[in-house]
Amino acid sequence: MAAAAQGAPAVVEAHRQGVLLLLASTLAWSTSGLFARAIPLDTPTVILWRGLAGAAGLVVVLWALRGREGFGDFARLGPAGWGYALCSGLGMLFFVGSLKATSIAHVAIIYATLPFVAAFLGWWLLREAPGRTGLAAAGLALAGATIMVGLGGDGTLIGDAMAFGMVLAMAGMILIARGRPETPTLAAGIVSAIWAPLVMAPFATVEGLTAWNMTLLVAFGLVNSTAGLALFILGSRHTSPVETALIGALETALTPVWVWLVFHETPTPPTLVGGAMVMAASVGHILWTARHPAPR
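Residues numbered from 1 in each chain as written. Predicted model: local features only at pLDDT ≥ 70, side-chain atom pairs only at ≥ 80, totals over all residues. Heavy atoms only, no water.

1. Observations concerning the overall build of the protein chain
Line of reasoning, step 1. Summing up its helical and strand segments, the protein chain has 13 helices and 0 strands in all.
Line of reasoning, step 2. Ordered by position from N to C terminus, the α and β elements of the protein chain give α-α-α-α-α-α-α-α-α-α-α-α-α.
Line of reasoning, step 3. By sequence separation, contacts in the protein chain at least 24 residues apart represent 92% of the contacts at least 6 residues apart. (Helix = DSSP H or I, 4+ residues; strand = E, 2+ residues; numbered from the N terminus. Contact = heavy atoms within 4.5 Å.)

Shown next, in the form of structure tokens:
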């Protein structure tokens, strides 16, 4: 009993650190629209160089955290590690493909279903009940995203299917990190950051690769890919699937903020209202769980 009591504060502290890491990850991932707007190159070229820069950054992170022993993680990926690498790479390709094949509105709305998908799969596969608070927050986040982007009729079946494929891939990453915390997910992330961009290599070009554009591509990779994925990997081990997905939903609200700050594009009233709902859902759930931690 005494050992369990002593272990409880450590679990709570690990959970808090996980939340902070996931918030930082969401902040890094929310810059995707900013970089995409600033880089005037075709999609395959952006994916290729962003991905390789991100992979190089992740190798440095692996070295900094684990030294030479970290490179042994590639030899012990196992089924879970390779599954994580597959989900991570597919998520990247599905995301870009969906943006090309359907409307951004549809992609955003479908992405907002991630908390529901993660909650259902977490209950089905890991037997982790999301709780009423988590489901209510997920519903509010979905409603906010819907208000932000609107429900237009300009989507396509293939594009919407790829967007949902992205959601499933992200949910798969969340569940693997939660259910198999011993999996070397950082090494798996490096594998995904290499194989997915290389798939785009035959379609990429060198046209427009000026020094400035290459600088932006490297920054895109280091900020959005390296920092975002590394922080997500470290944080998602200590939070539930629905909580991880809810924090990730903040990306929907934060992305327009970057564009507004840099390109001075004033958000519309629906964007402000919907973004506030997403923020309220995520922050409210975080504060609630901090005051009412679930028994572990």
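That covers the picture; the talk isn't over yet.
2. Some thoughts on the pattern of salt bridges
Pairing between side chains of opposite charge can happen when the charged atoms of each approach one another.
Line of reasoning, step 1. One pass over the full model with this rule turns up 2 salt bridges.
Line of reasoning, step 2. Close ionic contact of Asp73 with Arg76 constitutes a salt bridge, the shortest N to O distance being 3.0 Å.
Line of reasoning, step 3. A residue is classified by how much of its surface remains accessible, and Asp73, at 4% relative accessible area, is buried.
Line of reasoning, step 4. Classification of Arg76 by relative accessible area gives partly exposed; the value is 45%. (Salt bridge = Lys/Arg side-chain N within 4 Å of Asp/Glu carboxyl O. Buried < 20%, exposed > 50% of the residue type's maximum accessible area, 1.4 Å probe, protein only.)

3. Thoughts on the packing of aromatic side chains
Two aromatic rings are characterised by how far apart their centres lie and by the angle between their planes.
Line of reasoning, step 1. All chains considered together, the criterion is met by 3 aromatic pairs.
Line of reasoning, step 2. With centroids separated by 5.3 Å and ring planes inclined at 40 degrees, the aromatic side chains of Trp29 and Phe232 adopt a geometry described as tilted. In this pair, Trp29 sits in helix H1 (residues 2-29) while Phe232 sits in helix H10 (residues 211-235), placing the two residues 203 residues apart along the sequence. Each member of the pair, Trp29 together with Phe232, is buried.
Line of reasoning, step 3. Ring geometry for Trp63 and Phe71: centres 5.8 Å apart, planes at 55 degrees, overall tilted.
Line of reasoning, step 4. You can call Trp63 partly exposed: its relative accessible area is 48%. (Phe/Tyr/Trp six-rings, centres within 6.5 Å; stacked < 30°, edge-to-face > 60°.)

4. Examining the nonpolar core
Line of reasoning, step 1. In terms of nonpolar packing, the biggest core is built from 39 residues, with Leu58, Tyr84, Leu114, Met173, Leu229 and Phe232 touching the most fellow members.
Line of reasoning, step 2. Apart from the residues within four sequence positions on either side, Leu229 is in contact with Trp29, Leu58, Tyr84, Ser88, Met173, Gly189, Ser192 and Asn224.
Line of reasoning, step 3. Membership of the second largest hydrophobic core comes to 9 residues, among which are Ala119, Ala141, Ala249 and Ala281. (Core = buried A, V, L, I, M, F, W, Y, C linked by side-chain atoms within 4.5 Å.)

5. Thoughts on the side chain of Ser25
Line of reasoning, step 1. Among the structural elements, Ser25 can be located in helix H1.
Line of reasoning, step 2. Classification of Ser25 as buried rests on a relative accessible area of 1%.
Line of reasoning, step 3. Those residues in contact with Ser25, other than ones at most four positions away along the chain, are Gly228, Leu231 and Phe232.

6. Concerning the packing of helix H3 (residues 43-66) against H10
Line of reasoning, step 1. Put simply, H3 and H10 touch, their axes get as near as 7 Å, and they point 50 degrees apart. What the angle tells us is that H3 and H10 run oblique. Viewed along their axes, H3 and H10 form a crossing whose handedness is right-handed. Contact residues: Val46, Trp49, Arg50, Ala53, Gly54, Gly57, Leu58, Val61 and Leu65 in H3; Met214, Leu217, Val218, Phe220, Gly221, Leu222, Asn224, Ser225, Thr226, Leu229, Ala230 and Leu234 in H10. (Axes fitted to C-alpha atoms, helices over the stretch in contact; angles between N-to-C directions. Parallel < 35°, antiparallel > 145°, perpendicular 65-115°, else oblique. Left-handed = near helix turned anticlockwise from the far one by under 90°.)

7. Description of a nonpolar patch on the surface
Line of reasoning, step 1. A surface patch of nonpolar side chains, amounting to about 430 Å² of accessible area, comprises Val257, Trp260, Leu261, Val262 and Phe263.
Line of reasoning, step 2. Of note, Phe263 is situated in helix H12 (residues 250-263). (Patch = residues over 30% accessible without salt bridge, like charges linked within 9 Å, V, L, I, M, F, W, Y side chains within 5 Å. Areas by Shrake-Rupley, 256 points an atom, 1.4 Å probe, with all protein chains shown as cover.)

8. Some thoughts on helix H11 (residues 241-248)
Line of reasoning, step 1. The buried fraction of H11 is high, at 8 of 8 residues.
Line of reasoning, step 2. Within H11, the full set of buried residues consists of Pro241, Val242, Glu243, Thr244, Ala245, Leu246, Ile247 and Gly248.

9. Observations regarding the packing of helix H8 (residues 157-179) against H11
Line of reasoning, step 1. Running from N to C, H8 and H11 cross one another at 135 degrees; their axes reach a closest spacing of 10 Å. The orientation of H8 relative to H11 falls into the category oblique. For the crossing formed where H8 meets H11, the hand is right-handed. Only Pro241, Thr244 and Ala245 of H11 make contact with H8, whose side of the interface consists of Ile174, Leu175 and Arg178.
Line of reasoning, step 2. Its residues placed into classes, the contact of H8 with H11 shows 4 nonpolar, 1 polar and 1 charged. (Nonpolar A, V, L, I, M, F, W, Y, C, P; charged D, E, K, R; others polar.)

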